[in-house]
Amino acid sequence: QVQLLESGGGLVQPGGSLRLSCAASGSIFSINSMGWYRQAPGRQRELVATITSTGGTNYADSVKGRFTISRDNAKNTVNLQMNSLKPEDTADYYCRANILANGDMWWQIYWGQGTQVTVSG
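So, here is what we can say about the structure in this document. (Residues numbered from 1 in each chain as written. Predicted model: local features only at pLDDT ≥ 70, side-chain atom pairs only at ≥ 80, totals over all residues. Heavy atoms only, no water.)

1. With respect to the packing of aromatic side chains
Point 1. Under the defined criterion, the tally for this structure stands at one aromatic pair.
Point 2. On the basis of an interplanar angle of 70° and a centroid distance of 5.2 Å, the ring pair of Tyr-37 and Trp-111 is categorised as edge-to-face. With Tyr-37 in strand 4 (residues 28-39) and Trp-111 in strand 10 (residues 108-111), this residue pair connects regions lying 74 residues apart in the sequence.
Point 3. In this structure Trp-111 comes out as partly exposed when scored by relative accessible area, which is 35%.
Point 4. The ring of Tyr-94 has Arg-45 sitting right over it, with the charged end atom 3.7 Å from the ring centre.
Point 5. Here Arg-45 stacks its cationic end above the ring of Trp-111, 4.7 Å away from the centre of that ring. (Phe/Tyr/Trp six-rings, centres within 6.5 Å; stacked < 30°, edge-to-face > 60°. Helix = DSSP H or I, 4+ residues; strand = E, 2+ residues; numbered from the N terminus. Buried < 20%, exposed > 50% of the residue type's maximum accessible area, 1.4 Å probe, protein only. Lys NZ or Arg CZ within 6 Å of the ring centre and 35° of its normal.)

What follows is the structure, encoded as structure tokens:
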């Protein structure tokens, strides 16, 4: 059983910072891409940032220059450092990972349960 567990959400004032973390656990053989997505009320889930196993990154235009994604392959974790937060960053943030579990033949996409980020002052 593979699980993703996020942490680090909360309430922050505009201009503030938060750091989200996500840890993958379970019977994991390998992890390919990892990333963060978000979903605001009444809107579709959207990509925030992704990172490959070799460190290649991709960001949504709306967060470039403010957010930084990183990962620790030894610990199966991915982090999202969010700076200069804006009210429009308010959303539920979800961790996503492409994982090959032990005993599986196919890579599968796993999602975390989400962590809420509210930017308000």
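2. Regarding the nonpolar core
Where a protein is soluble and globular, its nonpolar side chains tend to be buried together.
Point 1. Grouped together as the largest cluster of nonpolar side chains are 33 residues, with contacts concentrated most on Trp-36, Leu-80, Met-82, Tyr-93 and Ile-99.
Point 2. Counting only elements with at least two residues in this core, the list comes to strand 3 (18-25), strand 4, strand 5 (46-51), strand 7 (67-72), strand 8 (77-82), strand 9 (91-101) and strand 11 (115-119).
Point 3. It is strand 9 that contributes the most residues to this core, six residues altogether.
Point 4. In this view, Met-82 contacts Gly-16, Ser-17, Leu-18, Leu-20, Arg-66, Phe-67, Tyr-93 and Val-117; residues no more than four positions away in its chain are not counted. (Core = buried A, V, L, I, M, F, W, Y, C linked by side-chain atoms within 4.5 Å. Contact = heavy atoms within 4.5 Å.)

3. Section: the side chain of Arg-66
Point 1. Mapped onto the fold, Arg-66 is located in the loop between strand 6 (57-59) and strand 7.
Point 2. Of the polar contacts made by the side chain of Arg-66, one reaches the backbone oxygen of Ser-62; its length is 2.8 Å.
Point 3. In contact with Arg-66, not counting residues within four places along its chain, are Gln-81, Met-82, Asn-83, Ser-84, Leu-85, Lys-86 and Asp-89. (Polar contact = N/O pair within 3.5 Å; in protein donor to acceptor, adjacent residues only side chain to side chain.)

4. Section: the sheet that holds strand 3
Paired through backbone hydrogen bonds, the strands of a sheet run either parallel or antiparallel to each other.
Point 1. In spatial order, the strands read 1-3-8-7; together these four strands make up an open sheet with antiparallel pairing. Lying at the two open borders of the sheet, with one neighbouring strand each, are strand 1 (3-7) and strand 7. Going from strand to strand, the sheet's axes swing by 15° on average, the running direction of each strand aside.
Point 2. Inspection of the sheet shows strand 1 paired to strand 3 by five bridges, in the antiparallel sense. (Pairing = 2+ DSSP bridges. Axes fitted to C-alpha atoms, helices over the stretch in contact; angles between N-to-C directions.)

5. Section: the state of the cysteines
Point 1. Considering all chains together, one arrives at one disulfide under this definition.
Point 2. Here Cys-22 connects covalently by a disulfide to Cys-95, the sulfurs 2.1 Å from one another. Here the disulfide of Cys-22 and Cys-95 is left-handed, its torsion about the S-S bond being about -80°. Within this pair, whereas Cys-22 is found in strand 3, its partner Cys-95 is found in strand 9, the two being separated by 73 residues in sequence.
Point 3. When its relative accessible area of 0% is taken as the criterion, Cys-95 is described as buried. (Disulfide = S-S within 2.5 Å.)

6. Some thoughts on the pairing of strand 5
Point 1. With five bridges joining them, strand 4 and strand 5 adopt antiparallel strand pairing. Looking across to strand 5, one finds that Tyr-37 is bridged to Leu-47.
Point 2. Counting the residues between successive antiparallel strands, the hairpin from strand 4 to strand 5 contains six residues, one of them, Gly-42, with a positive phi of roughly 80°.
Point 3. The sheet contact formed by strand 5 and strand 6 spans three bridges and is antiparallel. Residue Ala-49 lies in a different strand from strand 6, and its bridge partner there is Tyr-59.
Point 4. Counted along the chain from strand 5 to the antiparallel partner strand 6, the turn is five residues long, and its residue Gly-55 has a positive phi close to 95°.

That's the geometry; what it means functionally is another story.
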